[in-house]
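Coordinate inspection notes
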Amino acid sequence: MSLQCLSNLISGAITMGFLVCGMFFFKFANRTRDNLFFKFGIAFLLFAFERVLMVGFGSNTENFGKIFMVRLIGTAFILVAILEKTYR
């Protein structure tokens, strides 16, 4: 098994983990009607999308800035959700 194939396999497992976490957060958001869980779900779906983009673009380094912006937006969703929950 080549290193690239193994890398894609691990990236797929990480993507699946992000998707499962996102679905759990959406389930909790639906049950509790809490905006914190909804924003966490969106963030984890963005993290999964970022992993798909990383595999899709491969070693093309000119698109890493755009891919990093997806991760930054997901992290911003988490930060905003925590700050809103804390200061309300």
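Our structure's up above, just so we're on the same page.
Conventions adopted
Residues numbered from 1 in each chain as written. Predicted model: local features only at pLDDT ≥ 70, side-chain atom pairs only at ≥ 80, totals over all residues. Heavy atoms only, no water. Helix = DSSP H or I, 4+ residues; strand = E, 2+ residues; numbered from the N terminus. Buried < 20%, exposed > 50% of the residue type's maximum accessible area, 1.4 Å probe, protein only. Contact = heavy atoms within 4.5 Å. Axes fitted to C-alpha atoms, helices over the stretch in contact; angles between N-to-C directions. Parallel < 35°, antiparallel > 145°, perpendicular 65-115°, else oblique. Left-handed = near helix turned anticlockwise from the far one by under 90°. Nonpolar A, V, L, I, M, F, W, Y, C, P; charged D, E, K, R; others polar.

**Describing the environment of Phe-47**
- Along the chain, the position of Phe-47 falls in helix 2 (residues 35-57).
- Residue classification places Phe-47 among the buried residues on the basis of a relative accessible area of 12%.
- With 37 residues separating them in the primary sequence, Phe-47 and Ile-10 have C-alpha atoms 15 Å apart.
- In this structure, Phe-47 is in contact with Phe-18, Arg-71, Gly-74, Thr-75 and Ile-78, ignoring residues within four places of it in sequence.

**Remarks on the side chain of Thr-15**
- Mapped onto the elements of the fold, Thr-15 is located in helix 1 (residues 3-32).
- Those residues in contact with Thr-15 that sit more than four places away from it in its chain are Ala-48, Arg-51 and Val-52.

**Here we look at the packing of helix 1 against helix 2**
- Relative to each other, helix 1 and helix 2 sit at 165 degrees, their axes nearing to 7 Å. Here helix 1 lies roughly antiparallel to helix 2, going by the angle between them. Here the hand of the crossing between helix 1 and helix 2 comes out left-handed.
- Split into classes, the residues belonging to the contact of helix 1 with helix 2 amount to 19 nonpolar, 6 polar and 1 charged.

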